Amino acid sequence: MAFGCNHNLANAKELVHSDHFQVLRICLILTGVVCAGMAALFSFQSVWLSLSVATASAVALILFIALQRDWLKFLPASISLLITVYSVIHLLALADLSEPVGAAYYFCTILGAFFFLGITGGLIYSAACVLAVLLLYLPPALQSAAAMNEFYVLLTAIFCTSIIAYYYEHAVEKRTYALSSSLSQLDYLANVDYLTGIANRRYFFSEGRKQFSEPGAISLITLDIDDFKKINDTYGHATGDQVLISVTRLMKCRLRKGALLGRTGGEEFCILLKVDRKTAQARAEALRSDIAKLNHRVGDKKIAVTISLGLATRGPGDKSLEDLLSRADKALYDIKHHGKNGVAIAKPQSAI
Ligand SMILES: Nc1nc2c(ncn2[C@@H]2O[C@H](COP(=O)(O)OP(=O)(O)OP(=O)(O)O)[C@@H](O)[C@H]2O)c(=O)[nH]1
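Residues numbered from 1 in each chain as written. Predicted model: local features only at pLDDT ≥ 70, side-chain atom pairs only at ≥ 80, totals over all residues. Heavy atoms only, no water.

Naming follows an unreviewed UniProt entry, where the chain appears as diguanylate cyclase of Litorivivens lipolytica. In its Catalytic activity (unreviewed entry) section, the UniProt record describing the chain reads: "2 GTP = 3',3'-c-di-GMP + 2 diphosphate". (UniProt positions renumbered as here; feature names shortened; annotations may be inferred.)

**Q** Sorry, what's going on with the environment of Asp 318 here?
**A** Topologically, Asp 318 is positioned in the loop between strand E7 (307-313) and helix H10 (321-336). A relative accessible area of 7% means that Asp 318 is categorised as buried. The spacing of Asp 318 and Pro 348 is 30 residues in sequence and 8.9 Å in space, taken between C-alpha atoms. Apart from residues no more than four positions distant in its own chain, Asp 318 is found in contact with Phe 212, Thr 313, Asp 323, Leu 324, Arg 327 and Gln 349. A polar contact of 2.7 Å, which involves the side chain of Asp 318, links it to the backbone nitrogen of Gly 315. A polar contact of 2.6 Å, which involves the side chain of Asp 318, links it to the side chain of Arg 327. (Helix = DSSP H or I, 4+ residues; strand = E, 2+ residues; numbered from the N terminus. Buried < 20%, exposed > 50% of the residue type's maximum accessible area, 1.4 Å probe, protein only. Contact = heavy atoms within 4.5 Å. Polar contact = N/O pair within 3.5 Å; in protein donor to acceptor, adjacent residues only side chain to side chain.)

**Q** Can you walk me through the site of the ligand in this structure?
**A** In the neighbourhood of the ligand, 16 residues make up the surrounding shell, with Asp 227, Phe 228, Asn 232, Asp 241 and Arg 263 lying closest. A distance of 3.1 Å separates an oxygen atom of the ligand from a polar backbone atom of Ile 225. Protein chains bury 67% of the 660 Å² of accessible surface belonging to the ligand in isolation. Secondary structure elements with two or more residues in the shell around the ligand: strand E2 (219-225), helix H7 (228-235) and helix H8 (237-254). (Near = heavy atom within 4 Å. Areas by Shrake-Rupley, 256 points an atom, 1.4 Å probe, with all protein chains shown as cover.)

**Q** Help me understand unusual backbone geometry, please; the structure alone is not making it clear to me.
**A** What you tend to see is this: most non-glycine residues have negative phi, and most peptide bonds are trans. Phi angles above zero are rare outside glycine, and Asp 227 is one such case at about 45°. Inspection of the secondary structure puts Asp 227 in the loop between E2 and H7. At Asn 341, a residue that is not glycine, the phi angle is positive and equals roughly 45°. Summarising the element assignment, Asn 341 is placed in the loop between H10 and strand E8 (343-345). Looking at Asn 341, the relative accessible area reads 30%, which means it is partly exposed.

**Q** Explain the pairing of strand E4 (residues 268-273) to me, please; I cannot follow it from the model alone.
**A** Remember that side chains alternate between the two faces of the sheet whenever the strand is regular. With 5 of its 6 residues buried, E4 lies for the most part within the structure. As judged from the 4 bridges shared by strand E3 (residues 260-263) and E4, these two strands associate in the antiparallel manner. Opposite Arg 263, over in E4, you have Phe 269 as the bridge partner. Between E3 and E4, which pair antiparallel in sequence order, lie 4 residues. (Pairing = 2+ DSSP bridges.)

**Q** What exactly am I supposed to notice about helix H6 (residues 201-213) here?
**A** What sets the pattern is the α-helix's 3.6 residues per turn: residues three or four places apart point alike. The first and last C-alpha atoms of H6 sit 18 Å apart over 13 residues, in line with the 18 Å expected at 1.5 Å per residue. Listed in full, the buried residues belonging to H6 are Phe 204, Phe 205, Glu 207, Gly 208, Gln 211 and Phe 212. Buried residues belonging to H6 abut strand E1 (199-200), E2, E3, E4 and H10. (Expected span 1.5 Å × (residues − 1).)

**Q** I would appreciate a short explanation of the sheet that holds E1 in the present structure.
**A** For sheets, the rule is that strands pair by backbone hydrogen bonds, running either parallel or antiparallel. Across the sheet, which stays open at both edges, the 6 strands sit in the order E1-E3-E4-E2-E7-E8 with mixed pairing between neighbours. Every interior strand has two partners, whereas the edge strands, E1 and E8, have only one. Sheet topology note: the E7/E8 ladder contains 3 bridges and is parallel. Looking across to E8, one finds that Leu 309 is bridged to Val 343. Helix H9 (residues 277-293) rests against E2, E4, E7 and E8 of the sheet, and its axis sits at about 175° to E7. Its contacts with the sheet put H10 on E2, E4, E7 and E8, and the angle it makes with E7 is roughly 145°. (Axes fitted to C-alpha atoms, helices over the stretch in contact; angles between N-to-C directions.)

**Q** Before we go on, may I ask you to explain the pattern of salt bridges in this structure?
**A** Side chains carrying opposite charge are able to pair once their charged atoms draw close together. Counting across every chain of the model gives 11 salt bridges. In this structure, Lys 274 engages Glu 214 in a salt bridge whose closest nitrogen and oxygen atoms are separated by 2.4 Å. Pair noted here: Lys 274 is in the loop between E4 and H9 and Glu 214 is in the loop between H6 and E2, with a separation of 60 residues, a long-range link. What makes Lys 274 partly exposed here is its relative accessible area of 44%. Among the ionic pairs, Asp 290 bridges to Arg 254, the shortest N-O distance being 2.5 Å. Here the residue Asp 290 occupies a position in helix H9, and Arg 254 occupies one in helix H8, the gap between them amounting to 36 residues. For Asp 290, a relative accessible area of 18% gives the class buried. Residue Arg 254 is classed as partly exposed on the basis of its relative accessible area, which comes to 46%. A cluster of three or more residues bridged by salt bridges with shared partners is formed by Asp 224, Asp 226 and Lys 336. (Salt bridge = Lys/Arg side-chain N within 4 Å of Asp/Glu carboxyl O.)

Following this line, the structure appears as structure tokens:
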């Protein structure tokens, strides 16, 4: 049980790691593309520009190699954010813009659009930005060389930011999905009995307490398979498990919707019914007789199985589900010591 859960969490972590590195790769490739693009656009007009391009390319190359060789495996997730910011600062620093504010504007609003509107909204916003820039700067024949530079830089800024934002959002969505499926897996493992697939003791009592707090008739049946140890000893533990599964299956079929069935111990089960004593007794008796009649087949073996049941219906003295359980358990104990294969009705609280 624990293995399945750890395995699932490990998968989620692996997924988060692989997304994280995918984002890093994209950032590094973009840095390289931006450097090459800026170098081509501005042809190294100053020493400062040449040094910047050389530094950016070297850092991108070193990080890329480190990533490919798994050296970055244990670095915190924030590094991808740093590299993203680094890429965009370079984009702005290297651009010989009269107004770098334009690129910064697209960078911020596109990130915001992806963050607040999700992938589809972000992509639509990016497309709208491209359209706006095209409308502003076209036709090219009417533009000056400086305006065309600005046009290319703005398109590059929109393009790079959209790709980075897309991969971040995509990574976040995958991570959220992986974590939520791990959580539902954990929830399942915490509440369901691994062998029979019905509520385990923990879930039975937490749900049972809720139902107990509601008004109306409520009855609790505790039941136990008779001489189960003998079944285990005679046919083996695996066969014992099969008997538990087939008894559970039969109970699930026979019980109506609304009944809460749980495996509360090895071969012990509890049923909570929102019915009065008379109806609960009839249901308990029907279950007992159905199980006794059924020929439990495990492979080619036919195994006779009987159950004993203790029934308690809420009365004025029952303050909690535990009070009801204690009375039902006493009734079960009585029938176990008086022949088994029967239903015993619990004494009212006042008679105990
Ligand atoms: N196969 C199997 N056996 C289990 C499981 N959990 C508990 N048991 C066995 O259930 C048996 C319960 O034995 P007892 O408490 O002596 O009860 P019993 O033999 O049914 O006797 P009575 O209750 O008096 O009828 C033990 O042998 C446990 O090992 C399980 O998940 N699978």
